[in-house]
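Coordinate analysis (summary)
Here is what each chain is made of, one letter per residue.
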Amino acid sequence: MATEDLIEEIQRLKAERHAVILAHSYQRPEIQDIADFVGDSLALAQHARSTECEVIVFCGVHFMAETACILNPTRTVLLPDLQASCSLEASCPAEELAAFLEANKEKNYYVIAYINCSIGVKALADVIVTSGNAQRIVETAPADRPILFVPDQNLGAWTARKTGREMTLWNGACHVHRQFTRDQVLTMKEQHPDAEVVCHPECEEVVRLLADHICSTEKMISYCRESTAKSFIIVTESGILHRLRKLVPGKEFIPLATGQCSCAECEFMKLNTLEKLRDCLRDLSPRVSLPEELRLRAQKPLVRMLELSARP
Ligand code: 13P
Ligand code: SF4
């Protein structure tokens, strides 16, 4: 089927189903272009919580669709490809976290979980953070309790440095962001001496140290728009380049080449396609459904995050 016909069919099904299409900035360009809203994990969670549409089609990875379902349980939440998982989520199984907390009971950890985690991990957390609000949320953690930050050691270490709060870090990382190296950044800087380096906090410290700015995918857009620089080396998943080029015209965005490819791709994010988006709207499947007791426990720290995030 021609792409225009596919797009037309998606629009028709979307209207029939009274659906909203939410997409993360790492999605394929054609999915971003057809979405009603494109954003980072925080903005997507806020949107999912407040939508009045009956169906949410979540073009992202599983934990994101799960988060939408936790926050807005009366909606039908669809994920075009249920195999769209996340290596960072996988680096912290809920049973391992529960066993760690049990073995360290006397420490009475205040558990801060990056939103890239399963519902089981969220249910064990005191509060959730995203890369867009981690600093602000960590600053509100009780001063008399030690912090355990899961699952991303890189976001955790960056936030610890920014806030001055000591934290025990879970040994987790994202396989896409951990492949960027210091040498790759240095080589690119040599080739583009006037470009600023903008990097995601999921990158390792040796890479973060070379960055002019470190922020979430959403903040990359405002940063690049407002900066006086004309070109930027972007150190994160390549999907964001489509948004940057669209929303910040007239500036140059250079992806950081990794070992084998000219840019870094999250294969899980790229599993969603226009065909699968059409199919899930047509079939109302694959659908995310959650056990209610677990959902209620995971909802608490998520709502706490949204409330803390909304404070002036
Ligand atoms: P953002 O919340 O910054 O979009 O990050 C999500 C993510 O999965 C990064 O790998
Ligand atoms: Fe997970 Fe990394 Fe993909 Fe983001 S880029 S969804 S952290 S695997």
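Report on the accompanying structure. (Residues numbered from 1 in each chain as written. Chains lettered and ligands numbered in written order. Predicted model: local features only at pLDDT ≥ 70, side-chain atom pairs only at ≥ 80, totals over all residues. Heavy atoms only, no water.)

Comments concerning the site of ligand 1
Stated formally: Put simply, a residue is near a molecule or strand once any heavy atom of it comes within 4 Å of that molecule or strand. Any pair of nitrogen or oxygen atoms within 3.5 Å is treated as a polar contact; in protein, a donor-acceptor pairing is required on top of that, and neighbouring residues in sequence qualify only through side-chain atoms on both sides. Note on areas: Shrake-Rupley, 1.4 Å probe, and residue coverage restricted to the protein chains presented here. Under the scheme applied, nonpolar residues are Ala, Val, Leu, Ile, Met, Phe, Trp, Tyr, Cys and Pro; charged residues are Asp, Glu, Lys and Arg; polar residues are all the others, including Gly.
Around ligand 1, the surrounding shell consists of His24, Tyr26, Asp40, Ser41, Tyr114, Asn116, Ser131, His177, His200, Glu202, Ser216 and Thr217. At a separation of 3.1 Å, an oxygen atom of ligand 1 approaches a polar side-chain atom of Asn116. For ligand 1, whose free accessible area comes to 310 Å², the fraction covered by protein is 96%. Residues of the shell around ligand 1, tallied by class, amount to two nonpolar, eight polar and two charged.

Details of the nonpolar core
The cut-off we apply is this: We define a nonpolar core as any set of buried Ala, Val, Leu, Ile, Met, Phe, Trp, Tyr and Cys residues linked to one another through side-chain atoms lying within 4.5 Å. For the exposure calls, accessible area comes from a 1.4 Å probe over protein chains only, and a residue counts as buried if that area is under 20% of its type's maximum, exposed if over 50%, partly exposed in between. In what follows, residue pairs with any heavy atoms lying within 4.5 Å of each other are defined as contacts.
Among the nonpolar cores identified, the biggest contains 84 residues, and Ile112, Val150, Val235 and Met305 are the most heavily contacted of them. Dropping the residues within four chain positions of it, Val235 is found in contact with His177, Phe180, Val197, Val198, Cys199, His200, Cys203, Val207 and Leu256. If you look at the next biggest cluster of nonpolar residues, it comprises 18 residues, including Leu6, Ala19, Leu274 and Cys280.

Notes on the sheet that holds strand β11 (residues 231-235)
The cut-off we apply is this: Pairs of strands are assigned from DSSP output, requiring at least two bridges between the strands. Counting from the N terminus, the helices are the DSSP runs of H or I reaching at least four residues and the strands are the DSSP runs of E reaching at least two. Axis angles are defined between N-to-C directions and span 0 to 180 degrees, where every axis is a line fitted to C-alpha atoms and, for a helix, only to the segment in contact.
The sheet built from four strands is open, its strands ordered β10-β9-β11-β12 with parallel pairing. The open sheet has two free edges, formed respectively by β10 (213-214) and β12 (252-255), since each of these has just one partner strand. Strand direction decides the pairing type here: β11 and β12, joined by four bridges, are parallel. Counterpart to Phe232 in the pairing with β12 is Phe253. Across the sheet, helix α13 (residues 239-247) touches β11 and β12, and the angle it forms with β12 is around 175 degrees.

Overview of the sheet that holds strand β2 (residues 37-39)
Across a sheet, strands are paired by hydrogen bonds formed along the backbone, either parallel or antiparallel in direction. Taken in spatial order, the four strands of this open sheet run β2-β1-β3-β4, and their pairing is parallel. Edge positions in the sheet fall to β2 and β4 (76-78), since each of these pairs with one other strand and no more. With direction set aside, neighbouring strand axes in the sheet form an average angle of 20 degrees. Sheet topology places strand β3 (residues 55-59) next to β4; three bridges connect them, and they run parallel. Note on β4: the bridge partner recorded for Ile56 is Val77.

What about helix α4 (residues 62-71)?
Most of α4 is tucked away, with nine of its 10 residues classed as buried. For α4, the full list of buried residues reads Phe63, Met64, Ala65, Glu66, Thr67, Ala68, Cys69, Ile70 and Leu71.

Concerning unusual backbone geometry
Both trends apply: most residues other than glycine have a negative phi, and most peptide bonds are in trans. Cis geometry is adopted by the peptide bond preceding Pro151, which originates at Val150 and carries an omega value of -20 degrees. By the element assignment, Pro151 lies in the loop between β7 (147-150) and α9 (153-163). In this structure, Pro286 follows Ser285 across a cis peptide bond, with omega equal to 0 degrees. Its place among the elements puts Pro286 in the loop between α14 (274-283) and α15 (292-310). For Asn108, which is not glycine, the phi dihedral falls at a positive 50 degrees. For Leu284, which is not glycine, the phi torsion reads 50 degrees and is therefore positive. Mapped onto the elements of the fold, Leu284 is located in the loop between α14 and α15.

A closer look at the site of ligand 2
What surrounds ligand 2 is the set Tyr26, Val61, Cys86, Ser87, Leu88, Asn116, Cys174, His175, Glu202, Cys266 and Met269. Residues that form the shell around ligand 2 fall into these classes: seven nonpolar, three polar and one charged.

Details of helix α3 (residues 41-50)
Here α3 has its buried residues at Ser41, Leu42, Ala43, Leu44, Ala45 and Ala48. Where α3 is buried, its residues contact β1 (19-24), β2, β3, α4 and α15.

Things to note about the side chain of Arg165
The test is simple: For this count, His and the chain ends are skipped, Lys and Arg are scored as positive, and Asp and Glu as negative. A pairing counts as a salt bridge when a side-chain nitrogen of Lys or Arg comes within 4 Å of a carboxyl oxygen of Asp or Glu.
Tracing the chain through its elements places Arg165 in the loop between α9 and β8 (167-169). Asp144 is the oppositely charged side chain nearest to the buried, salt-bridge-free Arg165, at an N-O distance of 7.0 Å. One polar contact links the side chain of Arg165 to the main-chain carbonyl oxygen of Pro142, over a distance of 3.1 Å.

Here's the deal with the pattern of salt bridges
This structure, assessed with the given rule, holds 17 salt bridges. Across the pair Lys14 and Asp36 runs a salt bridge, and its minimum N-O distance is 2.6 Å. Taken together, the residues span a long stretch of sequence, with Lys14 in helix α1 (residues 3-17) and Asp36 in the loop between α2 (29-34) and β2 at a distance of 22 residues. On the basis of relative accessibility, which here comes to 15%, the residue Lys14 falls in the buried class. Through salt bridges with shared partners, a single ionic network connects Glu9, Arg12, Glu16, Arg278, Asp279, Arg282 and Asp283.

By themselves, these are just geometric observations and shouldn't be taken as functional.
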